[in-house]
Amino acid sequence: MKFVWFNLMPWPDLPDGFRENHRSVWVDIDSKLFDPERANGLYHEYMDQLEFADEMGFDGIGVNEHHQNGYGIMPSPNLIAAALARRTSNAAICVIGNSIALYNPPIRVAEEFAMLDCISGGRLVAGFPVGTPMDTNFAYGQIPALTRDKYDEAHELIIRAWAEDEPFAFDGKYNQLRYVNCWPKPIQRPRPPIYIPGGGSIETWDFCLDHDYNYSYLSFNGHKAGRALLEGYWERVAERGKDESPGRASFAQIICVADNDAQAEELYAEHILYFFNRCLHVHPGFADPPGYRTVNTIKSGKLGGLRKENQELFKTLTWKDLVEGGFVIAGGPDTVREQMEKMIKDLRIGTVFGLFHMGDMPDWKTRFSTQLFAEKVMPSLKNIWPELETDERWWCHPIEDRVRPEYTIESARAMAQAESQTMPAQWT
Amino acid sequence: MALAVQRLATRRGIECDLLCAGDGPDLVFFHGAGGVSPNDPLLQTLAQTFRVHAPTWPGFGEDQTETAIEDMLDFTLHGWDLIDALKLARPPLIVGHSMGAMIAAEMASVARHDLQQLVLLTPAGMWIDAEPTPDLFAMLPFEMAQTLFHDPVQGEKLMTGGLDFNDNDALTAFMVSNARRLGTAGKILFPIPNRRLSKRIHRIGVPTLVVGGASDGLVPPSYIELWGESIANCSVVMIAEAGHMVHVEQPQVVADAIVSFAT
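The shown structure was predicted, so the numbers you read here are calculated from the model rather than taken from an experiment. (Residues numbered from 1 in each chain as written. Chains lettered and ligands numbered in written order. Predicted model: local features only at pLDDT ≥ 70, side-chain atom pairs only at ≥ 80, totals over all residues. Heavy atoms only, no water.)

K.L.:
Is there a simple way to explain the overall build of chain A in this structure?
P.N.:
When helices and strands are counted, chain A shows 16 helices and 11 strands. Relative to the compact-globule value of 22 Å for 428 residues, chain A shows a C-alpha radius of gyration of 22 Å, a close match. In terms of overall dimensions, chain A has a C-alpha envelope of 75 × 55 × 50 Å along the principal axes. A separation threshold of at least 6 residues defines the contact pool for chain A, and within that pool the share at least 24 residues apart is 77%. Put simply, chain A shows about 17900 Å² of open surface, and 50% of that area lies on carbon and sulfur atoms. (Helix = DSSP H or I, 4+ residues; strand = E, 2+ residues; numbered from the N terminus. Rg over C-alpha atoms; globule rule 2.2 N^0.38 Å. Contact = heavy atoms within 4.5 Å. Areas by Shrake-Rupley, 256 points an atom, 1.4 Å probe, with all protein chains shown as cover.)

K.L.:
What's the story with the sheet that holds strand β3 (residues 26–30) of chain B in this structure? I'm lost.
P.N.:
In a beta sheet, neighbouring strands are held together by backbone hydrogen bonds and run either parallel or antiparallel to one another. All names here are of chain B. Across the sheet, which stays open at both edges, the eight strands sit in the order β1-β2-β4-β3-β5-β6-β7-β8 with mixed pairing between neighbours. With one partner strand each, in any of the chains shown, β1 (4–9) and β8 (234–239) form the two edges of the open sheet. For this sheet, the mean angle separating the axes of adjacent strands, direction not counted, is 20°. Relative to strand β5 (residues 93–97), β3 is paired through four bridges, and the arrangement is parallel. By the bridge assignment, F30 is partnered in β5 with G96. (Pairing = 2+ DSSP bridges. Axes fitted to C-alpha atoms, helices over the stretch in contact; angles between N-to-C directions.)

K.L.:
In this structure, what is going on with the interface of chain A and chain B? I would like to understand it.
P.N.:
Bring the parts together and some accessible area is lost; that lost area is often taken as the interface size. Opposite the 22 residues of chain A that make contact, chain B presents 19 residues. Summed over both sides, the interface between chain A and chain B buries roughly 1600 Å², with carbon and sulfur atoms accounting for 77% of that surface. Summed over the three residues of chain A that lose the most area to chain B, namely I143, P290 and I298 of chain A, the buried surface amounts to 32% of that side. On the surface where chain A and chain B come into contact, there are one salt bridge. Of the charged contacts in the structure, one is a salt bridge between K173 of chain A and E70 of chain B, with a shortest N-O distance of 2.5 Å. Our count for the chain A to chain B interface comes out at two residue pairs in polar contact (both at pLDDT 80 or more). Mapped onto the side of chain A that touches chain B, the elements with two or more residues apiece are α5 (133–139), α6 (144–163), α10 (284–287) and α11 (295–300) of chain A. (Buried area = accessible area lost by both parts, 1.4 Å probe. Salt bridge = Lys/Arg side-chain N within 4 Å of Asp/Glu carboxyl O. Polar contact = N/O pair within 3.5 Å; in protein donor to acceptor, adjacent residues only side chain to side chain.)

K.L.:
Can you help me understand the packing of helix α7 (residues 202–211) of chain A against helix α8 (residues 222–239) of chain A in this one?
P.N.:
When two helices pack together, you describe them by how their axes are tilted relative to each other and by the distance separating the axes. Residue and element names in this part refer to chain A. Interhelical geometry of α7 versus α8 gives an angle of 45° and a closest axis separation of 10 Å. Considering their axes alone, α7 and α8 lie oblique with respect to each other. The chirality of how α7 crosses α8 is right-handed. Touching W205, D206, C208 and L209 of α7 are L229, G232, Y233, R236 and V237, all from α8. Tallied by class, residues from the contact of α7 with α8 come to six nonpolar, one polar and two charged. (Parallel < 35°, antiparallel > 145°, perpendicular 65-115°, else oblique. Left-handed = near helix turned anticlockwise from the far one by under 90°. Nonpolar A, V, L, I, M, F, W, Y, C, P; charged D, E, K, R; others polar.)

K.L.:
Where do I start with helix α7 (residues 221–230) of chain B in this structure?
P.N.:
One turn of the α-helix equals 3.6 residues, which is why residues spaced by three or four share an orientation. Residues and elements named next belong to chain B. For α7, the complete set of buried residues consists of Y223, I224, W227 and G228. Across the axial projection of α7, the buried residues extend over an arc of 145°, all falling on one side. For α7, exposure combined with an orientation more than 90 degrees from the buried face picks out E225 and E229. Each element contacted by the buried residues of α7 is listed here: α3 (99–110), β6 (117–121), β7 (208–213) and β8. (Buried < 20%, exposed > 50% of the residue type's maximum accessible area, 1.4 Å probe, protein only. Arc of directions from axis to C-beta.)

K.L.:
Can you help me understand helix α6 (residues 168–189) of chain B in this one?
P.N.:
The end-to-end C-alpha distance of α6 of chain B, which contains 22 residues, comes to 29 Å, matching closely the 32 Å that a straight helix rising 1.5 Å per residue would cover. Of the positions making up α6 of chain B, those classed as buried are L171, V176, A179, R180, L182, G183, T184, A185, G186, K187, I188 and L189 of chain B. Where α6 of chain B is buried, its residues meet α6 and α11 of chain A together with α2 (72–86), α3 and α4 (141–148) of chain B. (Expected span 1.5 Å × (residues − 1).)

K.L.:
Quick question: what am I supposed to make of the side chain of D59 of chain A here?
P.N.:
All names here are of chain A. You can see D59 is positioned in the loop between α2 (36–55) and β2 (60–63). Among the residues examined, D59 registers a relative accessible area of 16% and is labelled buried. Apart from the residues within four sequence positions on either side, D59 is in contact with M1, K2, F3, A91, A92, K382 and W395.

K.L.:
Could you clarify how one ought to interpret unusual backbone geometry in this entry?
P.N.:
In this model, W183 of chain A is joined to P184 of chain A through a cis peptide bond whose omega is 15°. Residue P190 of chain A is bonded to the preceding R189 of chain A through a cis peptide linkage, with omega at 5°. Mapped onto the secondary structure, P190 of chain A falls in the loop between β6 (176–180) and β7 (194–198). Positive phi, normally seen in glycine, also occurs at R348 of chain A, with a value near 55°. Of note, S98 of chain B is a non-glycine position whose phi angle comes to about 60°, a positive value. Checked against the element boundaries, S98 of chain B lands in the loop between β5 and α3. Of the residues examined, S98 of chain B reaches a relative accessible area of 9% and is grouped as buried.

K.L.:
In this structure, what is going on with the pairing of β3 of chain B? I would like to understand it.
P.N.:
Residues in a regular strand point their side chains to alternate faces of the sheet. All names here are of chain B. With five of five residues buried, β3 lies mostly within the body of the structure. Where burial is concerned, the two faces of β3 agree: the one with D26, V28 and F30 and the one with L27 and F29 are both buried. The pairing of β3 with strand β4 (residues 51–55) spans three bridges and is classified as parallel. Looking at β4, one finds that L27 is bridged to V52. Handedness of the β3-helix α1 (residues 41–46)-β4 crossover: right-handed. (Right-handed = clockwise from strand over helix to strand, strands pointing away.)

K.L.:
Is there a simple way to think about the pairing of β6 of chain A in this case?
P.N.:
Residue and element names in this part refer to chain A. The pairing of strand β5 (residues 168–171) with β6 spans three bridges and is classified as antiparallel. The residue bridging F168 from the neighbouring strand is V180, located in β6. Linkage of β5 to β6, two consecutive antiparallel strands, is achieved through a turn of four residues.

K.L.:
Can you help me understand the pattern of salt bridges in this one?
P.N.:
Pairing between side chains of opposite charge can happen when the charged atoms of each approach one another. Residue and element names in this part refer to chain A. Scanning the model with the defined rule gives 36 salt bridges over all chains in all. Taking the shortest distance from any N to any O, the salt bridge between D212 and R248 comes out at 3.0 Å. Remark: R248 occurs in the loop between α8 and β9 (249–257) and D212 occurs in the loop between α7 and β8 (214–217); sequence separation between them is 36 residues. A relative accessible area of 23% means that D212 is categorised as partly exposed. For R236, the salt bridge goes to E239, with nearest N and O atoms at 2.5 Å. Of this pair, R236 and E239 both sit in helix α8, three residues apart, which is roughly one turn of the helix. Looking at R236, the relative accessible area reads 25%, which means it is partly exposed.

K.L.:
Whenever I open this one, the side chain of T147 of chain A confuses me. Can you help?
P.N.:
Residues and elements named next belong to chain A. Assignment of secondary structure puts T147 in helix α6. The exposure class of T147 is buried, given its relative accessible area of 2%. Residues within four places of T147 in sequence aside, it is in contact with A101, V130, T136, N137 and Q142.

See the structure below:
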C-alpha cells in the first residue's frame with residue numbers, strides 16, 4: 001500500500017462572495033486576485049509541507065498541473081518537483097502529472113521527467129492526465145475533438161523517446177521531428193511507473209490496461225461516488241482478462257485527522273467548505289466543450305465531475321454532508337483508520353493520494369493532521385495488500401547509492417565555514 | 001415543401017445525406033455548425049428558382065465520417081469532392097452559411113474557376129483584434145440563443161427542437177449529436193475562428209454577395225464590412241431584424257437578395 005501526500009496548492013484568499021461576483025475560478029479568473037508577494041510565502045509554505053510529509057514517512061509526495069486556476073497555482077509541477085528532488089531523498093516524487101496533450105512538442109515532458117528521475121535518483125512516479133478541458137482546450141487552445149488523438153501521439157512519442165537507444169525520426173500528425181534523441185534518459189528504464197489520472201472516460205480504462213498503467217480516479221466527490229466508478233473499472237479488468245492487482249488503481253481522498261471526531265469538524269470544516277464552495281466554482285461552459293468527451297463516454301452516462309449538476313451540489317454542502325457522503329474522511333485516528341480501510345478494500349486501490357491540506361487551511365492544521373495520520377493511521381494500513389509486496393509494476397525503483405541532497409546542503413554550509421580550503425597536491 | 005433526402009459519396013469514399021429540391025441553375029448550399037434540415041425555409045424558397053443541392057458535412061448526420069476531416073484544407077477539398085460527386089453540368093452558384101461560408105470562401109480562393117458566383121451568409125473566418133467575437137464553445141444554451149438570434153426566445157426553442165430535458169434517452173441523443181456537430185466545427189472554429197483566409201482571399205475571382213444580420217452577435221456588422229472590403233467584385237446586404245441565423249429568421253428577404261444577385 002502506498003500513501004502519497006498531495007497538495008493542490010490552492011489560492012487561499014478567494015474573497016467572500018467569490019461565487020456570486022466572479023464567473024469562474026478557472027480559465028478567466030480575475031488575475032488581480034493573485035498577489036505575487038503573497039505567493040512568495042505561499043509557495044514555500046506548500047513546499048515545506050511536502051518536505052514535512054517526506055519526513056513523516058509518506059511513500060510519495062505529489063504535485064499536479066493546472067493552468068489559470070485559483071485552486072492550483074502550479075502550472076508547472078516540474079519546477080516544484082525539481083525543488084523537492086533536491087531537498088528530499090526518500091519519498092517518491094509523484095508528478096501526477098504533465099498534461100502531455102498541451103506540451104508542444106511533448107518531448108519536453110520526456111526530457112524534464114528524465115531530468116527529475118536522474119536528480120531524484122530514480123524516485124519519479126510519472127503521471128499523464130489527458131488534461132481537463134479548462135487547461136487543455138480553453139487555457140492552451142487545443143482543439144477539443146482532436147485532444148485525445150493529440151494525447152495518444154504525445155504518449156507514443158514520450159515512451160519511445162525514453163526507451164529507444166538510437167535517434168529516430170517521428171512523422172506524426174501533430175509532431176514532426178527528425179532527430180528524437182532524449183538526453184538525458186531516466187534512471188528507470190524503459191520507463192518510470194506511470195499513473196493516468198482520469199475523471200470517468202471509459203477509453204482511459206482500456207488505455208491503462210493496454211499498458212499496465214495505474215488508473216487514478218481523481219474526483220472530489222469522495223469514495224462513495226468513487227466506488228461506483230471503480231466497480232466499472234474492475235469489471236473491465238475482468239472482461240479484458242487482466243490480473244486484479246490492486247496496484248492497477250488509485251484514488252484521491254480528502255483526509256482530516258484530529259484527536260477526535262468533534263475536533264475534526266472544529267478544526268477543518270471551514271477550510272474544506274472553502275474548497276468546495278469557492279475552489280470548484282467553474283463556469284459550466286468551460287467544463288465540457290463539444291468534442292472533448294467521446295461519444296461512448298457520453299452514452300455511458302459517466303460524466304465529468306465539474307459539470308453543472310455537480311456544481312449545484314457543491315454550493316450547498318455542509319460538513320455533515322461531506323462526511324456522510326464520503327467526500328471527506330474525517331475524525332479521530334480510529335474513525336479515519338476504519339474508513340480508510342473500508343475505502344481501500346471497497347475500491348481495491350493500491351495507492352491513495354491523500355489531500356491533507358485543502359482550501360485555505362493554515363499550515364499548523366495541515367501539519368497536525370498529517371502527523372496524526374502518519375503516526376496513528378498509516379502504519380496499520382501499510383500491509384493491507386500482501387500481493388503488492390512482490391508486484392513491481394506500480395512504484396518507482398530508486399538506486400540505492402543516490403545523492404542525499406539534504407546532507408549536501410549541510411556539508412556545503414560546513415565547507416563555507418571551514419577555516420581554509422586546501423588545493424589538492426597535484427594542482428600546486 | 002420539404003426537400004428530398006438522397007445519398008452522396010465522394011471519390012474518397014465519404015458518404016453523406018444530400019438534400020435536393022427544385023429546378024433551374026445549380027445552387028450548392030453549405031450549412032453551418034447548426035446543421036441543415038429538409039424543412040429549411042430558405043432552401044425551400046430558393047428551390048423555386050434554383051436546383052438546390054445541400055450536402056451534410058461529416059459529423060452532422062448518421063454517417064460516422066468526421067474523423068476523416070481534421071483541418072481547414074480537409075474541409076475545403078471535401079467541399080470540392082462533394083461538388084464533383086454531384087456531377088453538375090456547369091460550375092454552380094455556391095451559397096454558404098457561417099461555418100459553411102468560411103469553407104465556401106476557402107473553396108473559392110483555392111479553385112477560383114470552379115464556381116459561377118459566391119454567396120456568404122453571416123460568414124465565419126475573420127478576426128478583428130479590436131472587436132473579438134464571443135466564444136461559442138464556452139457558452140451555455142441560453143447564452144447561445146442570445147448571441148445567434150434576433151429573437152432569442154424563438155431561437156432557443158429552435159435549437160433544442162422541443163426536447164424534453166427530463167427524458168434521459170432523448171437528452172443523451174441530443175448531447176451526442178451536439179458533441180459531434182460542434183466537435184467537428186471546432187476543428188476550424190476553435191479556439192479562434194480564423195484559419196488565415198486573409199492570405200488567400202485575394203484569389204476569389206467571381207461575383208460575391210455577403211449577407212449580414214443586423215443583430216448578429218457572432219459576426220457583427222464590422223466583420224461583414226471587412227468581408228466586403230476583402231473581396232473584389234463584392235456587394236454587401238445587411239438584413240434588419242435578423243441575427244446570425246439570418247436565413248432562418250428572414251428566409252424570404254435572404255432568398256430575394258440571392259435571387260436578385262444571381263439572376
